[in-house]
Each structure stands twice: as structure tokens, then as C-alpha cells.
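Here is what each chain is made of, one letter per residue.
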Amino acid sequence: MSEINLYHASVPVFIRYLNQIELLLDKAKCFAISQSMEEATLLAAGLADNMFPLGQQLSTAIDFSLRACCPLARQDIKNYHPESVSYDNLHKQIRETRCYLEQLRPEQFEGAEGLSIATTAGFAELELAAGEYLQAYMLPNFFFHYSMCYAILRKMDCPLSKQDFDGFHQYPMGFSF
């Protein structure tokens with residue numbers, strides 16, 4: 001993989017999408033309230049029986065931002081994973097994670113391109129060059145879990161658009177494909 005600035009390719013990207021996850025969580029909560037749906041019911045919803053439910057998908061996506069950035073900054077991986085999944089605990093996990101990432105500095109990533117990072121992928125033990133670790137493993141995993149959150153909410157009929165996912169797209173109210 002070509003050399004990239006590992007700080008700029010990770011920290012600002014994860015912070016941006018942690019903000020989107022927080023917006024998604026807020027919309028999910030408002031949707032559940034409007035449907036008189038219990039918090040636990042929505043957070044336990046999934047796409048398939050053998051997949052993580054919404055709450056776990058959200059928490060896992062948030063965790064991937066730390067699993068990605070901490071080793072690249074030569075820091076121990078932080079874990080703000082909540083003991084129980086709730087709207088409040090997920091918001092807290094997002095805030096603590098974002099706060100930690102905002103304190104990382106570009107200097108901490110200098111020379112990280114030469115690192116070899118050991119990690120696990122399910123039951124597989126991996127050792128990847130830093131650029132490959134970020135681009136080919138961590139970013140896709142973060143976006144996989146984040147996409148599952150969006151898909152679960154859409155399956156539950158939560159009114160979301162691509163704008164809610166990426167924060168870039170804009171559509172008029174009521175527009176759909």
C-alpha cells in the first residue's frame with residue numbers, strides 16, 4: 001500500500017463518523033419514542049438471528065475507532081465499552097472515545113508507517129503493516145459495523161437517509177428512491 005499520513009487518514013475520519021453515529025443514535029431514540037418502542041427492543045433488533053443486534057453493532061463500531069488509532073499512535077488500546085447497552089451508555093462511550101481521539105496529536109503518528117501491528121480478526125491472528133492495518137482492516141471493519149447499524153434501523157422503519165449516514169448528501173423531506 002502506498003504511504004499515507006496515518007493521523008489524517010484515521011483520527012479526523014473516525015471523529016467525523018463518531019459524530020454521525022451519535023446523530024444516528026439520537027434519531028433512533030426519537031424514532032423509538034414516537035413508536036412507543038422500548039429502548040431495549042430497538043437496541044436488541046438485528047438483521048439476522050446470528051448477527052450482533054443494534055446496540056452491539058453501535059458499540060463495536062465505536063470500539064474499532066480506538067482499536068485503529070491507539071496502536072498507530074503507539075498507545076495501549078483504550079476501551080470505553082459499556083457494561084450494559086443503553087442510549088445513555090452508548091452516548092457516554094461515544095463521548096469518551098471522541099474525547100480520547102481529539103487528544104491524539106499528529107506527532108504521535110510520525111514514523112508509524114514502519115510499524116507492524118498484531119491484532120485478531122475473529123479467531124485469526126494477524127500481523128499487518130500500519131497502512132494495511134488501517135486501510136484494509138480497521139476502516140472496513142468500522143464501516144461494516146456502522147453500516148449494520150444503519151441497515152438495522154432502516155429495517156425497523158426508522159426514517160433515515162444517506163445524509164444521516166455520511167452527513168454529506170442532502171435530500172428534500174419525504175424524498176426516497
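Residues numbered from 1 in each chain as written. Predicted model: local features only at pLDDT ≥ 70, side-chain atom pairs only at ≥ 80, totals over all residues. Heavy atoms only, no water.

Trainee: Any chance you could explain the overall build of the chain here in plain terms?
Mentor: Broken down by element type, the chain carries 6 helices and 2 strands. Helices and strands appear in the chain in the N-to-C order α-α-α-α-β-β-α-α. Here the C-alpha radius of gyration of the chain, 17 Å, is about what a compact globule of 177 residues would show, namely 16 Å. Taking the principal axes of its C-alpha atoms as reference, the chain extends roughly 50 × 35 × 25 Å. Looking at the 177 residues of the chain, the share that counts as buried comes to 44%. In the chain, the share of contacts with a sequence separation of at least 24, taken over all contacts with a separation of at least 6, comes to 72%. Counting every atom, the chain has about 9600 Å² of accessible surface; 52% of that belongs to carbon and sulfur. Put simply, the chain has 13 plus and 21 minus side-chain charges, and the middle of one group is 5 Å from the middle of the other. (Helix = DSSP H or I, 4+ residues; strand = E, 2+ residues; numbered from the N terminus. Rg over C-alpha atoms; globule rule 2.2 N^0.38 Å. Buried < 20%, exposed > 50% of the residue type's maximum accessible area, 1.4 Å probe, protein only. Contact = heavy atoms within 4.5 Å. Areas by Shrake-Rupley, 256 points an atom, 1.4 Å probe, with all protein chains shown as cover. Lys, Arg positive; Asp, Glu negative; His and termini not counted. Charge placed at Lys NZ, Arg CZ, Asp CG, Glu CD.)

Trainee: Looking at this model, I keep getting lost on a negative patch on the surface. Mind explaining?
Mentor: There is a patch of like negative charges on the surface, built from E3, E107, E110 and E113. Its place among the elements puts E113 in the loop between α4 (87-103) and β1 (116-121). The class for E113 is partly exposed, based on a relative accessible area of 31%. (Patch = residues over 30% accessible without salt bridge, like charges linked within 9 Å, V, L, I, M, F, W, Y side chains within 5 Å. Salt bridge = Lys/Arg side-chain N within 4 Å of Asp/Glu carboxyl O.)

Trainee: Would you take a moment to explain the packing of helix α1 (residues 11-34) against helix α5 (residues 130-155) for this structure?
Mentor: Geometry of a packed helix pair, given as the angle between the helix axes and the separation of the axes. Look at α1 against α5: their axes get within 11 Å of each other, and the N-to-C directions meet at 15°. On the basis of their axis angle, the class for α1 and α5 is roughly parallel. Note that α1 runs across α5; the crossing there is left-handed. Facing V13, F14, Y17, Q20, I21, L24 and A28 of α1, the residues of α5 in contact are L134, L139, F142, F143, Y146, C149, Y150 and L153. (Axes fitted to C-alpha atoms, helices over the stretch in contact; angles between N-to-C directions. Parallel < 35°, antiparallel > 145°, perpendicular 65-115°, else oblique. Left-handed = near helix turned anticlockwise from the far one by under 90°.)

Trainee: Just to check I follow, could you spell out helix α3 (residues 54-72) for this structure?
Mentor: In an α-helix, one full turn covers 3.6 residues, which means residues spaced three or four apart are oriented alike. Here α3 contains 19 residues, and its C-alpha end-to-end distance of 28 Å stays within 8% of the 27 Å for a straight helix at 1.5 Å per residue. Directly beyond the C-terminal end of α3, a positive phi value near 60° is found at R74. (Expected span 1.5 Å × (residues − 1).)

Trainee: What is the right way to look at α5 in this model?
Mentor: Helix length check: α5 (26 residues) gives 36 Å between terminal C-alpha atoms against 38 Å at 1.5 Å per residue, within 8%. Helix geometry: α5 is bent most strongly at M138, by close to 35°, with proline P140 lying one to four residues after it. (Bend = angle between axes of the 7 residues up to and from the residue.)

Trainee: When you look at the packing of aromatic side chains in this model, what are you seeing that I'm missing?
Mentor: The relative placement of two aromatic rings is captured by the distance of their centres and the angle of their planes. Under the counting rule described, the total for this entry stands at 11 aromatic pairs. Between Y17 and F143, the aromatic rings sit 5.0 Å apart at their centres with planes inclined by 80°, giving edge-to-face as the arrangement. One end of the pair, Y17, is in helix α1; the other, F143, is in helix α5, and 126 residues separate them in sequence. For F143, a relative accessible area of 23% corresponds to the partly exposed category. What links up through ring pairs into an aromatic cluster is the set F14, Y17, F142, F143, Y146, Y150 and F165. The aromatic ring of F168 is capped on one face by R16, whose charged end is 3.8 Å from the ring centroid. (Phe/Tyr/Trp six-rings, centres within 6.5 Å; stacked < 30°, edge-to-face > 60°. Lys NZ or Arg CZ within 6 Å of the ring centre and 35° of its normal.)

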